[in-house]
Amino acid sequence: MHTHDSTFVGLGAAVRGGREVTVKVGTSLTAWVLRQQAQHPGARGELSILLTHVALAARMIAHRVSQAPLTGLVGMAGDTNVQGEEQAKLDVVADQVFLDAMMASDLVSTLVSEEREEPAHVSEHWGRGHYTVFYDPLDGSSNIDVNVTVGTIFGIYRHRPNDRGRLTDLLRPGREQVAAGYVMYGASTILVLATEDSGVQGFTLLPEVGEFFLTHPDMRMPEVGKSYSVNESRQPSWPDATRALVSAFREEDVGGVRRTARYVGSLIADFHRTLLKGGIFMYPGEVGKPEGKLRLMYEAAPLAFLAEAAGGAAHDGTTRILDRVATKLHERTALYIGSRVDVEEAHRRLNG
Ligand code: AHM
Ligand code: MG
């Protein structure tokens, strides 16, 4: 007989007042994906399979992240990636795990990773796999060594009939993603996912069972937020309009709301908070570097897809992120993303 009082959502049973009680088993990610598929008569189930492989990669990466200090997977790998940035050991591992999981689905022809200069063409025969996947295997990896949340970001595109894997076939506007999401390796591992018409759903991993359960159904971003998120140490490099904008968020009641500052420095942690609580995340362009830091295809575009699906918005200072067409795989972009009112206000002030 148990003596303590606790309730586990997602498990079949719980203990309350020393007695076992039955709890409804939560919706697993697998069941959710299959239900979505059932709502599309004629669907071949390919995207469902692909998404279960994304969840597989997420579980495998979560496992490695959680044990990194025990298994020697902290610190640098000794190489630089295509951005000229030092790769952490876990960057390399996560990249390979994600790539392997996508290959195992047998549905992806091309993978573009932050960690690889060139696209990885998975299928020998173009057209065998029907999807292209852009991903950042472990964003914010400089935070791993201090046990701060990191994440995997992905955006999925279905091939068009005449696509052949040329650069112009790969560089499509983010609005054409059929699914996008991220996996957050934090206190819990959470997979947040949007498909074309499903809204935004959040699933939390129960590691002992190896399954994600729907814990955040139909996520909606608050219309206006109480925080702004930006690395203010970059201020000396900002154009005047950007400085004025950030000052306004700091010192005025923009949209009738007083804000506080929140900045983790790990995009998924900052975005996840913005999605749940509202607010705005900014990584502005700088004088001499108008393109900012973040990457369009595997950071900004998937998060913009999620933000819009949750009722929020995202632009680069002038243009809607989901309308941007990159000219190169690893293109960077300035990013303003979050609550609709906050992001529209940023647009108005930057272009006023
Ligand atoms: P990374 O892809 O090399 O990990 O860099 C992206 C990270 C984001 O997670 C975060 O939002 C940003 O860099 C923070 O940059 P900064 O340290 O300039 O504030
Ligand atoms: Mg990154």
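Here the structure is a predicted model, which means the values were calculated and not measured.

Criteria and cut-off values
- Residues numbered from 1 in each chain as written.
- Chains lettered and ligands numbered in written order.
- Predicted model: local features only at pLDDT ≥ 70, side-chain atom pairs only at ≥ 80, totals over all residues.
- Helix = DSSP H or I, 4+ residues; strand = E, 2+ residues; numbered from the N terminus.
- Expected span 1.5 Å × (residues − 1).
- Buried ≥ 20, exposed ≤ 12 C-beta atoms within 10 Å, placed from the backbone.
- Arc of directions from axis to C-beta.
- Axes fitted to C-alpha atoms, helices over the stretch in contact; angles between N-to-C directions.
- Parallel < 35°, antiparallel > 145°, perpendicular 65-115°, else oblique.
- Left-handed = near helix turned anticlockwise from the far one by under 90°.
- Contact = placed C-beta atoms within 7 Å.
- Nonpolar A, V, L, I, M, F, W, Y, C, P; charged D, E, K, R; others polar.
- Domains from an automatic or database assignment.
- Near = placed C-beta within 6 Å.
- Core = buried A, V, L, I, M, F, W, Y, C linked by C-beta atoms within 7 Å.
- Pairing = 2+ DSSP bridges.

1. A closer look at helix H5 (residues 240-251)
Between its terminal C-alpha atoms H5 stretches 16 Å, which fits the 16 Å expected from 12 residues at 1.5 Å a residue. What H5 keeps buried is the set Thr242, Leu245, Val246 and Phe249. Angularly, the buried residues of H5 cover 90° about the axis, an arc narrow enough to put them on a single face. Of the exposed residues in H5, those oriented more than 90 degrees away from the buried face are Asp240, Ser247 and Glu251.

2. Comments concerning the packing of helix H2 (residues 46-71) against helix H3 (residues 89-105)
Two packed helices can be described by the angle between their axes and the distance between those axes. Two elements in contact, H2 and H3, have axes whose closest approach is 9 Å; the angle formed by their N-to-C orientations is 155°. By the angle between their directions, the pair H2 and H3 is classed as roughly antiparallel. Crossing hand, H2 versus H3: right-handed. Facing H2, whose interface residues are Ile49, Leu50, His53, Leu56, Ala57, Met60, Ile61, Arg64, Val65 and Ala68, H3 presents Leu90, Val93, Ala94, Val97, Phe98, Ala101, Met102, Ala104 and Ser105. Grouping the amino acids of the contact of H2 with H3 by side-chain chemistry returns 16 nonpolar, 2 polar and 1 charged.

3. Quick word on the domain arrangement of the protein
The domains assigned to the protein are domain 1 (27-219) and domain 2 (227-350). Averaged C-alpha coordinates put domain 1 and domain 2 at centres separated by 23 Å. Listed per partner, the contact involves 33 residues of domain 1 and 28 residues of domain 2. At the level of secondary structure, the elements contributing two or more residues to the side of domain 1 that touches domain 2 comprise strand S7 (131-139), strand S8 (150-158), strand S9 (179-185), strand S10 (189-195) and strand S11 (199-206).

4. As for the site of ligand 1
Every residue lining ligand 1 is accounted for by Glu85, Glu114, Asp136, Asp139, Gly140, Ser141, Asn231, Gly265, Ser266, Leu267 and Lys293. Residue classes in the shell around ligand 1 are distributed as 1 nonpolar, 5 polar and 5 charged.

5. A short note on unusual backbone geometry
Note on backbone geometry: most residues besides glycine have negative phi, and most peptide bonds are trans. In this structure, Asn147 takes a positive phi of about 60° despite not being glycine. Along the chain, Asn147 falls in the loop between S7 and S8. The exposure class assigned to Asn147 is partly exposed, which follows from the 13 C-beta atoms found within 10 Å. Although it is not a glycine, Asp218 adopts a positive phi angle of roughly 45°. Tracing the chain through its elements places Asp218 in the loop between strand S12 (211-216) and strand S13 (227-229).

6. A word on the nonpolar core
As a rule of thumb, nonpolar side chains are buried together in soluble globular proteins. Of all hydrophobic cores here, the largest spans 97 residues; its most connected members are Leu191, Ala304, Leu306, Ala314 and Leu335. When residues of this core are assigned to domains, at least three map to each of domain 1 (27-219) and domain 2 (227-350). If we skip the residues at most four places from it in the chain, Leu191 touches Leu29, Ala55, Ala58, Gly181, Val183, Phe203 and Phe212.

7. Notes on the pairing of strand S3 (residues 76-80)
In terms of burial, S3 is a largely surface element, 0 of the 5 residues being buried. With 2 bridges connecting them, S3 and strand S4 (residues 86-88) associate as antiparallel partners. Bridged to Met76 within S4 is Ala88.

8. Remarks on the sheet that holds strand S6 (residues 120-121)
Note: strands within a sheet are paired through backbone hydrogen bonds, in either parallel or antiparallel orientation. Across the sheet, which stays open at both edges, the 8 strands sit in the order S6-S5-S7-S8-S9-S10-S11-S12 with mixed pairing between neighbours. The open sheet has two free edges, formed respectively by S6 and S12, since each of these has just one partner strand. Here 7 bridges tie S8 to S9, and the two strands are oriented antiparallel to one another. The residue of S9 that forms the bridge with Gly151 is Met184.

9. Observations regarding the pairing of strand S15 (residues 280-283)
Burial along S15 is two-sided: the face carrying Ile280 and Met282 and the face carrying Phe281 and Tyr283 are both buried. With 2 bridges connecting them, S13 and S15 associate as parallel partners. Across the sheet, residue Tyr228 finds its bridge partner in S15, namely Ile280. Here 4 bridges tie S15 to strand S17 (residues 335-338), and the two strands are oriented antiparallel to one another. Among the inter-strand pairings, Tyr283 is bridged to a residue of S17, identified as Leu335.

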